[in-house]
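Descriptive structure summary
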Amino acid sequence: MDVSALHLILLCVAALIAGMVDAIAGGGGLISLPALLAAGLPPHVALGTNKGQSVFGSFAALVRFSRAGLVDGNLARVTFPFGLGGAFGGAALVLLVKPEVLKPLVLVLLIAVAVFLAFRKSPRPGDMPEPGPPARARAIGALIALAIGTYDGFFGPGTGTFLIVAFSSLLGHGLARASADAKVVNFASNLASVALFAFKGVVLWKVALPMAGAQFAGAYLGAHLAVKGGDKLVRKVVLGVVLALVLKLGHDVVTA
C-alpha cells in the first residue's frame, strides 16, 4: 500500500497536533484516525496504524508527566497491568458484541462528563481532600484501569477523557495529575492494541513510524503545557474534546 510523500507529511502534522491534544485531554484519535482514512487507508489498517503511532505519544506524555512528579509510582504499578489486561479483554469482547451498540450510552456519558467538568470547582490547596489509605487508592485505581482499559480495547472513543474524570472524581486528584494517571493506563492499553494489530498484520509501519516521531513530539509538548497550565488548561481542552466527541457520536447515531 503506497502513501504519497505529501500525504505522509500531512499525516505527520496531524499526528503532531493529535499527540498534543491527547496528552492534555485524550481524544487525539479524533484527529489522527480521520486523517489516516482520508489518506486512503482501509478502516482496519487505519485503526491498526493509528495505534501503532499513538503508543509513542502516550509514552512521551507519560515520560514528561513523570519528570514533573505527577505520576504516582505505587498507583501506576497497579493501573498499568490492569489497564493492559483490560484492553486485551476488551479486544476479545469485539468477537462477541458489536461495539456500535455502545454509541448511545457513550454519548450520554460524555454529556454527563461535560456537565461534571463545567460545574466542578478547581480545588484550592486548603480544600484538597486528605489522601485515603494507599491500599484503598490502589484498589480504586485498579478498578478504573480495568474497566476503562476494557472499554478502550472494545470501543475506544473518549477513553482518555473518561480516565481523567474517573481519577479526578474517585481519587480526588486535580485534573493535571488525573491526566498523568490517565497516561499510565493509555500507554498500557495502547501497547495491548498494538500487539494485537501487529499480530494481525494490519499496522502499516512505513506510515506509523514517521507519524510516531511527530506524535512523540506533540505529546511531550502537550504534557509540558498541561504541567505548566495546570487544571485550568486541562479543563478547557477536555471540554473541547468532549464537545467534539459528542458531535461525532451524535452524528453516527443519527445517521446509523
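Because the structure is predicted, anything quoted here is derived from the model rather than measured.

This next bit is on the overall build of the chain. For the chain, the count of helices and strands is nine helices and zero strands. Listing each helix as α and each strand as β along the chain from the N terminus yields α-α-α-α-α-α-α-α-α. Its C-alpha atoms give the chain a radius of gyration of 17 Å, near enough to 18 Å, the size a compact globule of 256 residues would have. The C-alpha extent of the chain, read off along each of the three principal axes, is 55 × 35 × 30 Å. Expressed as a percentage of the 256 residues in the chain, the buried residues total 48%. Of all intrachain contacts in the chain linking residues separated by at least 6 positions in sequence, the fraction that spans at least 24 positions is 83%. For the chain, the computed accessible surface area is about 12,000 Å², with 72% contributed by carbon and sulfur atoms. Within the chain, one finds 20 positive and 10 negative side-chain charges whose respective centroids are separated by 3 Å.

The next point concerns the UniProt feature "transmembrane region" (unreviewed entry) in the chain. Within the UniProt annotation, "transmembrane region" (unreviewed entry) is assigned to residues 75–96, 101–119, 139–172 and 184–202. As annotated, residues 101–119 has a helix share of 89% and a strand share of 0%, and its two end C-alpha atoms lie 29 Å apart. Summarising residues 184–202: 89% helix, 0% strand, and an end-to-end C-alpha distance of 25 Å.

The N-to-C vectors of helix H5 (residues 103–119) and helix H9 (residues 205–255) enclose an angle of 155°; their axes lie 9 Å apart at closest approach. With respect to each other, H5 and H9 are oriented roughly antiparallel. Considering how the two elements wind past one another, H5 and H9 form a crossing that is left-handed. Every residue of H9 that contacts H5 at Lys103, Pro104, Val106, Leu107, Leu110, Ile111, Val113, Ala114, Leu117 and Ala118 is listed here: Arg235, Val238, Leu239, Val242, Leu245, Val246, Leu249, Gly250, Asp252 and Val253. A per-class count over the contact of H5 with H9 returns 16 nonpolar, one polar and three charged.

Glancing now at the pattern of salt bridges. Using the criterion set out here, one finds four salt bridges in the structure. In this structure, Asp2 engages Lys206 in a salt bridge whose closest nitrogen and oxygen atoms are separated by 3.5 Å. With Asp2 in the segment before helix H1 (5–25) and Lys206 in helix H9, this residue pair connects regions lying 204 residues apart in the sequence. Judged by relative accessible area, which is 72%, Asp2 ranks as exposed.

Tallied over the full model, the rule gives four aromatic pairs. Consider the rings of Tyr151 and Phe155, whose centres lie 5.9 Å apart with planes at 75°: the pair is edge-to-face. Phe155 sits in the buried class, given a relative accessible area of 19%. Pairing Tyr151 with Phe162 gives two aromatic rings, centres 5.7 Å apart and planes at 75°, and the pair type is edge-to-face. Note that Tyr151 is positioned in helix H6 (residues 134–154) and Phe162 in helix H7 (residues 159–171), a separation of 11 residues in sequence. By relative accessible area, which is 13% here, Tyr151 ends up buried. A residue is classified by how much of its surface remains accessible, and Phe162, at 13% relative accessible area, is buried. Members of the aromatic cluster, connected to one another through ring pairs, are Phe59, Phe80 and Phe187.

Thresholds, definitions, all that
- Residues numbered from 1 in each chain as written.
- Predicted model: local features only at pLDDT ≥ 70, side-chain atom pairs only at ≥ 80, totals over all residues.
- Heavy atoms only, no water.
- Helix = DSSP H or I, 4+ residues; strand = E, 2+ residues; numbered from the N terminus.
- Rg over C-alpha atoms; globule rule 2.2 N^0.38 Å.
- Buried < 20%, exposed > 50% of the residue type's maximum accessible area, 1.4 Å probe, protein only.
- Contact = heavy atoms within 4.5 Å.
- Areas by Shrake-Rupley, 256 points an atom, 1.4 Å probe, with all protein chains shown as cover.
- Lys, Arg positive; Asp, Glu negative; His and termini not counted.
- Charge placed at Lys NZ, Arg CZ, Asp CG, Glu CD.
- UniProt positions renumbered as here; feature names shortened; annotations may be inferred.
- Axes fitted to C-alpha atoms, helices over the stretch in contact; angles between N-to-C directions.
- Parallel < 35°, antiparallel > 145°, perpendicular 65-115°, else oblique.
- Left-handed = near helix turned anticlockwise from the far one by under 90°.
- Nonpolar A, V, L, I, M, F, W, Y, C, P; charged D, E, K, R; others polar.
- Salt bridge = Lys/Arg side-chain N within 4 Å of Asp/Glu carboxyl O.
- Phe/Tyr/Trp six-rings, centres within 6.5 Å; stacked < 30°, edge-to-face > 60°.

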